[in-house]
Amino acid sequence: MSSKLERVLRVFSSSLFFSNAAQRTTSLRQLHFFGSAQQDQKFCYNCLNVQDMDDIQEDITEGMQELNFKAMALSFPQEIIHEILLRLPVKSLIKCTSVCKAWRSMIMNKSFIRAHISQINNMNDSHLFLVHRVSGRESSTSSHIANVSEVTEEVYSLHYDNQAFDEYAKIEFPIAPKQEVLNEHLRVVGTCDGLICLADDMPCYCYNFFIWNPAIRKLVTLPRPGITFRTHGGYDASIGFGFDAITNDYKVVRVVTLQHEGVGPTLAEVYSLATGSWTSVGSVTPSCQLIRASQAFVNGALHWPAHRWTDYGATYFILTFEVGRDGKSIALFSMDNRCEDSFLEIWVMKEYGMEESWTKLVTLGPQGPERLLPRASCFRKSGEVLLILSGAREAFSMGSILSNQYTFYGHRAESNHELVSLDLVSKTIKNLGISGEGYQYCNVDSYKESLVLSDQTGAVSY
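Note that residues are indexed from 1 along each chain, following the sequence as it is written. It should be noted that, the model being predicted, local features are given only for residues of pLDDT at least 70 and side-chain atom pairs only at 80 or more, the latter also being counted only at that level, while totals for whole chains, interfaces and linings use all residues. Each side-chain value is derived from all of the structure's non-hydrogen atoms; neither hydrogens nor water enter the calculation.

- The name recorded for the chain in an unreviewed UniProt entry is F-box/kelch-repeat protein, from Prunus yedoensis var. nudiflora.

Okay, here's the thing in structure tokens:
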């Protein structure tokens, strides 16, 4: 067997790929064949270390150029090829689609894509975070949402969920659809199985929605929803994004409260990635108002903090919309910034659906000498919580308009953001070194690379 073939087989017989910024090594398993073609094929696995992922990609490319992979792929046991490919990262799988039609057909199959997601979910080292930051000359806040105008920079970056929070890669939203956006920047609604749902709704409600997979550079632009200002008049709307395990479909849920002489009825409509269209699901009971920027996909259901007005005042609750099932628990991040001693409470429902299982984990006030206000973003695999500390110090007289400022408590103040990690056991906070200076908007979501959209006919490559 040639050395080139041996090297390529080492790559394609890997059982585990992981990247470590400190070690920069990859653990592989080496596949050996014994005997001739007439003998039974036997194989065993031994551990092998490859110095760098770049070397791996080079081996793949060179091996493909020199060897007849089509003949090998057809003669090699397909069940072994299937198991090997399942353990490759997305970028390597994209390269493998060029080997032969059989491999491409296997990788693009819906069942393979779902199996690969399951494999990724079982690999802790594949867990990443998506950080979205926007800076501009002016900004304001409303209901904890920063609205940035005269945008000067918009950054999407992926980071490892390790102690150093190292940057994995910077990703860029395609230019062509961005030119159609009416607001100055998009908002990340949520992430699911490597897909990022984006909405053009800050600060103005518009009808541009996208489902984006940056790992394979594909994008789906959603059609115009059924509920608009022209069809229904004024409204408030919230968006959710999740996966329906029953129908194997990704869905965008839009909950709209009409403004008819006050708070009108609450309606819902659902976009299906499989059908490429919106469907009305009628009225939501009770009629309520949701917070636009908050949604969580847990236990196969979308969750929004909501409130409704009764004769006795406002009633606060969590509105759920079932999409599928995934068996996790839900957390609630509650903020109160109506007074100088603002605080954040973190609650967890330890038994999903059991009201009495709500448990308060911690209460946080303004942090440090600058009294930065904590806003919880999401949990890490270690159990720590990612917080965004936002500064709001009054820095000048009323009426002046300066750069890097946003409205808080009715005044305009200098902005300052820090991304930190909170250890709920020791109650200590660690700065992750992600500079927020000059950025008025910052959002963090969990993320894992996937092949989803690779088989989608309506997805556009860029």
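Structural notes on the sheet that holds strand β10 (residues 235-244)
- When DSSP locates at least two bridges between a pair of strands, those strands are taken to pair. Each helix is a run of DSSP H or I of at least 4 residues and each strand a run of E of at least 2, with the numbering of both proceeding from the N terminus. Reading across the sheet, the 4 strands line up as β10-β11-β12-β13 and stay open at both edges, with antiparallel pairing between neighbours. Taken across any chain shown, the strands that pair with only one partner, and hence form the sheet edges, are β10 and β13 (277-284). Adjacent strand axes in the sheet meet at a mean angle of 20 degrees when their direction is disregarded. The axes used here are C-alpha line fits, helices contributing only the stretch in contact, and every angle between their N-to-C directions lies in the interval 0 to 180 degrees.

Some points on the environment of V284
- Relative to the assigned elements, V284 resides in strand β13.
- Buried residues are those whose accessible area, probed at 1.4 Å on protein chains only, stays under 20% of the maximum for their type, while exposed residues exceed 50% and partly exposed ones sit between those limits. For V284, a relative accessible area of 16% puts it in the buried group.
- On a C-alpha basis, the gap between V284 and F321 in space is 9.7 Å, while along the polypeptide they are 37 residues apart.
- Any pair of residues with heavy atoms lying within 4.5 Å of one another is described as a contacting pair. The contacts of V284, once residues within four sequence positions are left out, are T266, L267, A268 and L319.

Thoughts on the pattern of salt bridges
- Whenever Lys or Arg places a side-chain nitrogen within 4 Å of a carboxyl oxygen from Asp or Glu, that contact is recorded as a salt bridge. Across all of its chains, the model carries 10 salt bridges by this definition.
- Measuring nitrogen to oxygen at the nearest pair gives 2.7 Å for the salt bridge that ties E269 to R254. Taken together, the positions of E269 in strand β12 (residues 266-272) and R254 in strand β11 (residues 249-258) put the pair 15 residues apart, joining distant regions of the chain. Across the pair, R254 and E269 agree in class, each one buried.
- R380 is the partner of E384 in a salt bridge, and the nearest nitrogen-oxygen pair spans 3.7 Å.
- Accessibility expressed as a relative area gives 7% for R380, which makes it buried.
- Salt bridges here are not isolated pairs; linked through shared partners, they connect D161, R380 and E384.

A word on the pairing of β10
- Counting buried residues in β10 gives 9 out of 10 residues, a clear majority hidden from the surface.
- Relative to β11, β10 runs antiparallel, the two being bridged by 10 bridges. From the neighbouring strand, F241 faces β11, where its bridge partner is V252.
- In sequence, β10 turns back onto β11 through a hairpin of 4 residues, with N248 there showing a positive phi of about 55 degrees.

Section: the packing of helix α4 (residues 78-86) against helix α6 (residues 101-108)
- Contact geometry for α4 and α6: axes closest at 11 Å, N-to-C directions at 55 degrees. Judged on the interaxial angle alone, α6 and α4 are oblique. Relative to α6, the crossing made by α4 is right-handed. On α6, the residues that touch Q78, I81, H82 and L85 of α4 are W103, M106 and I107.
- Here the nonpolar group is Ala, Val, Leu, Ile, Met, Phe, Trp, Tyr, Cys and Pro; Asp, Glu, Lys and Arg are the charged ones; every other residue, Gly included, is treated as polar. For the contact of α4 with α6, a count of residues per class yields 5 nonpolar, 2 polar and no charged. For classification, angles of less than 35 degrees are called roughly parallel, those exceeding 145 degrees roughly antiparallel, those between 65 and 115 degrees roughly perpendicular, and all remaining angles oblique. With the far helix as reference, a near helix turned anticlockwise by less than a right angle produces a left-handed crossing, and one turned clockwise produces a right-handed crossing.

As for the sheet that holds strand β9 (residues 218-221)
- Strand order across the open sheet formed by 5 strands is β6-β7-β8-β9-β27, with antiparallel pairing between neighbours. This sheet does not close on itself; its edge strands, each paired only once, are β6 (187-192) and β27 (460-461).

Here we look at the side chain of S272
- With respect to the helices and strands, the residue S272 is situated in strand β12.
- The contacts of S272, once residues within four sequence positions are left out, are D249, Y250, K251 and S277.

Describing the pairing of strand β8 (residues 209-213)
- With respect to burial, β8 is a largely interior element, 5 of its 5 residues being buried.
- Burial of the side chains of β8 extends over both faces: F209, I211 and N213 are buried on one face and F210 and W212 on the other.
- Across 4 bridges, strand β7 (residues 195-199) lies against β8 in antiparallel orientation. Bridge pairing in β8 places I196 opposite W212.
- Hairpin geometry of β8 and β9 is characterised by an intervening segment of 4 residues between the two adjacent antiparallel strands and by a positive phi of about 55 degrees at R217.

Some details on the nonpolar core
- Joining through side-chain atoms within 4.5 Å is the link that ties buried Ala, Val, Leu, Ile, Met, Phe, Trp, Tyr and Cys residues into a set, and such a set is a nonpolar core. Counting 57 residues, the largest nonpolar core has L85, Y156, L198, I211, F241, Y250 and V252 as its most contacted members.
- Two domains share this core, each providing at least three of its residues, namely domain 1 (1-7 + 60-125) and domain 2 (128-395 + 410-461).
- Setting aside residues no more than four positions away along its own chain, Y156 makes contact with L130, V131, H132, K170, I171, F173, L186, V188, L198 and W212. Throughout the structure description, domain borders are defined by an automatic or database domain assignment.

Overview of unusual backbone geometry
- P203 follows M202 through a cis peptide bond whose omega is -5 degrees.
- Positive phi outside glycine occurs at E150, with the angle close to 50 degrees.
- Overall, E150 belongs to the partly exposed group, its relative accessible area being 38%.

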